Amino acid sequence: LFGSGGAPLFAIARGSGDKARAGLILNLACTLLLCCAGVLMVIGLLFGRPILVLFGASPEALQYALPYLMLYLLGTYPSMLTTGLNPFINAQGYATAGMLSVVIGAAANLVLDPVFIFVLGMGVRGAAAATVLSQLLSAAFVVYFLRCKSEYRVQPLPLRQLPANRRCIGDIVSLGTAGFIMQLTNSVVTICCNNILSVTGGDIYISVMTIISSVRQLVETPIHAMVEGTSPILSYNYGARRPDRVKKTIKLAVCYAEGIMLIGFCIFQFFPDKVLGIFAASDAMLAIGIPALRIICPHFLLAGASIVLSSVFQALGNGIFSLIVSVCRQLFVLLPAAWLLAQTGNVNNVWWAFLIAEVVSLLLSLAFFARINKTVIAPLYGPEEP
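Residues numbered from 1 in each chain as written. Predicted model: local features only at pLDDT ≥ 70, side-chain atom pairs only at ≥ 80, totals over all residues. Heavy atoms only, no water.

Turning our attention to the overall build of the chain. Summing up its helical and strand segments, the chain has 14 helices and zero strands in all. Helices and strands in the chain line up, N terminus first, as α-α-α-α-α-α-α-α-α-α-α-α-α-α. Relative to the compact-globule value of 21 Å for 386 residues, the chain shows a C-alpha radius of gyration of 22 Å, a close match. Out of the 386 residues in the chain, the part that is buried amounts to 48%. In the chain, the share of contacts with a sequence separation of at least 24, taken over all contacts with a separation of at least 6, comes to 79%. For the chain, the computed accessible surface area is about 18,400 Å², with 68% contributed by carbon and sulfur atoms. (Helix = DSSP H or I, 4+ residues; strand = E, 2+ residues; numbered from the N terminus. Rg over C-alpha atoms; globule rule 2.2 N^0.38 Å. Buried < 20%, exposed > 50% of the residue type's maximum accessible area, 1.4 Å probe, protein only. Contact = heavy atoms within 4.5 Å. Areas by Shrake-Rupley, 256 points an atom, 1.4 Å probe, with all protein chains shown as cover.)

This is the structure in structure tokens:
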């Protein structure tokens, strides 16, 4: 909400030379992140059990999930600071530092997990403790960099100053709402799909769904990383009125995204058993998961362009288009299609809902991009330019 909403506005302000506004946006986003982290941590600690049940956790799963969640929530502050402030590092052109903040946490987690789980014998609580400590390291790096090394220095504002900056806060929240609701609808889809699959197919289908979600995230992560890098370039050049660079960036991003998705499609279409084997899938899960992966993986070829175009809308200050695409895809197409296909009597038909939703998402994205190109990018050319 605050990172994806503030970073494009921050980059646009930098591109137009308004340093005061850029600094204000950074500091407001940091303040809002801190406030929101406290609220979310309290809600999670108070309502952890019903939240997990809502996501489909069985009584057997709760004995592991609840202790993990209770410890994990203690890392809400460092987790949100890392995730929410990292886009401001990238927006200033410090891509290596932005990558380092992620690598530090990931590497620390890889090292600390076996130590806490096995050496110290903490089990699932050890996994949570390792994650929280890793997030602390990432957050410490992000805050240190933004306070001591970057062009703009982060400094949370006193709460009494927030009302005076409500217009700027409104701009941040307005643009960030698209990304916020996109993540929220992902959670809603997970809840609903888990319940559809548990009723029609049982727990094993939920396990397969979890693996497929992880696989999709694995394929899409490089693209999300790429758009994190292209978004500040788009915003900066939009603010500096350089339409040719905006168009070139979009074109390259779409080409690279489709190349990545083509590789993912080939791997999951021709080697689904090897992919599922990474997750230690049982024979029963392989029997369900192999055809499921082959049905779902063609949607990768469509999703690459959709992800890039969604980030383009956001970077150019038109987050409402990203919001419409996400809500239509997740709530108005994917869920109804999954429910209807589940009624056919063959639960495996549910997997086709992902491909149907992606077709609609791409068509909407292309229609909105045509409008953005006409109303936002084209006017950047001067009278003497084509």
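Now that the structure has been shown, the text picks up again.
Of all hydrophobic cores here, the largest spans 60 residues; its most connected members are Ile-223, Val-308 and Trp-351. Secondary structure elements with two or more residues in this core: helix H7 (166-200), helix H8 (203-239), helix H9 (243-270), helix H10 (272-278), helix H11 (283-296), helix H12 (300-315), helix H13 (319-342) and helix H14 (352-377). Sort the elements by how many residues they give to this core and H8 lands first, with eleven residues. The residues touching Val-308, leaving out its near neighbours within four places in the chain, are Ile-223, Met-226, Val-227, Ile-250, Ala-253, Val-254 and Ala-257. Listed in part, the 33 residues of the second largest apolar core include Leu-32, Leu-81, Ile-89 and Phe-141. (Core = buried A, V, L, I, M, F, W, Y, C linked by side-chain atoms within 4.5 Å.)

Turning our attention to unusual backbone geometry. The backbone of Arg-241 sits at a positive phi, close to 60°, despite the residue not being glycine. By the element assignment, Arg-241 lies in the loop between H8 and H9.

Where charged atoms from two side chains of opposite charge approach closely, those side chains can pair. Inspection of every chain in the model, using the stated rule, returns four salt bridges. Arg-21 serves as the salt-bridge partner of Asp-171, at 3.4 Å between the closest nitrogen and oxygen. Placement of Asp-171 in helix H7 and of Arg-21 in helix H2 (residues 19-54) is noted, with a sequence separation of 150 residues between them. By relative accessible area, which is 33% here, Asp-171 ends up partly exposed. Arg-21 gets classed as partly exposed once you look at its relative accessible area, which sits at 30%. Here Lys-274 ties to Asp-273 by a salt bridge, and the two come within 3.3 Å at their closest N and O atoms. (Salt bridge = Lys/Arg side-chain N within 4 Å of Asp/Glu carboxyl O.)

Turning our attention to the packing of H2 against helix H4 (residues 76-91). One way to put it is that H2 packs onto H4 with a least axis distance of 9 Å and a crossing angle of 155°. Considering the angle they form, H2 stands roughly antiparallel to H4. Read as a crossing pair, H2 and H4 show a hand that is right-handed. Residues Ile-25, Leu-26, Ala-29, Cys-30, Leu-33, Leu-34, Cys-36, Ala-37, Gly-38, Leu-40 and Met-41 of H2 touch H4, and the partners they reach there are Thr-76, Tyr-77, Met-80, Leu-81, Gly-84, Leu-85 and Phe-88. The class makeup of the residues in the contact of H2 with H4 is 15 nonpolar, three polar and no charged. (Axes fitted to C-alpha atoms, helices over the stretch in contact; angles between N-to-C directions. Parallel < 35°, antiparallel > 145°, perpendicular 65-115°, else oblique. Left-handed = near helix turned anticlockwise from the far one by under 90°. Nonpolar A, V, L, I, M, F, W, Y, C, P; charged D, E, K, R; others polar.)

Taking 1.5 Å of rise per residue, the 16 residues of H4 would be expected to cover 22 Å, and the 23 Å separating its terminal C-alpha atoms lies within 8% of that figure. At Leu-85, H4 is bent by approximately 30°, the largest bend along its length, and proline Pro-87 sits one to four residues beyond. Among the 16 residues that make up H4, 13 are buried, leaving the element largely enclosed by the rest of the structure. Count one or two residues on from H4 and you reach Gly-93, which has phi positive near 90°. (Expected span 1.5 Å × (residues − 1). Bend = angle between axes of the 7 residues up to and from the residue.)

Because an α-helix completes one turn every 3.6 residues, residues spaced three or four positions apart along the sequence face the same direction. Taking 1.5 Å of rise per residue, 13 residues should cover 18 Å, and helix H1 (residues 3-15) covers 18 Å from first to last C-alpha, within 8% of that figure. The element H1 is largely enclosed, with a buried count of twelve among its 13 residues. Listed in full, the buried residues belonging to H1 are Gly-3, Gly-5, Gly-6, Ala-7, Pro-8, Leu-9, Phe-10, Ala-11, Ile-12, Ala-13, Arg-14 and Gly-15. The first or second residue beyond H1 is Gly-17, which carries a positive phi of 85°.

Here we take up the side chain of Thr-131. By secondary structure assignment, the location of Thr-131 is in helix H6 (residues 123-148). Residue classification places Thr-131 among the buried residues on the basis of a relative accessible area of 10%. Among the polar contacts listed, one links the side chain of Thr-131 to the side chain of Tyr-68, at a separation of 3.5 Å. Setting aside residues up to four positions removed in sequence, Thr-131 forms contacts with Tyr-68, Tyr-72 and Asn-109. (Polar contact = N/O pair within 3.5 Å; in protein donor to acceptor, adjacent residues only side chain to side chain.)

To continue, consider the environment of Thr-82. Within the fold, Thr-82 resides in helix H4. Residues Thr-82 and Gly-48 lie 34 residues apart in sequence; the distance between their C-alpha atoms is 23 Å. When residues no more than four places from it in sequence are discounted, the contact partners of Thr-82 are Gln-135, Ser-138, Ala-139 and Val-142.

All quantities given are derived from atomic positions and should not be read as evidence of function.
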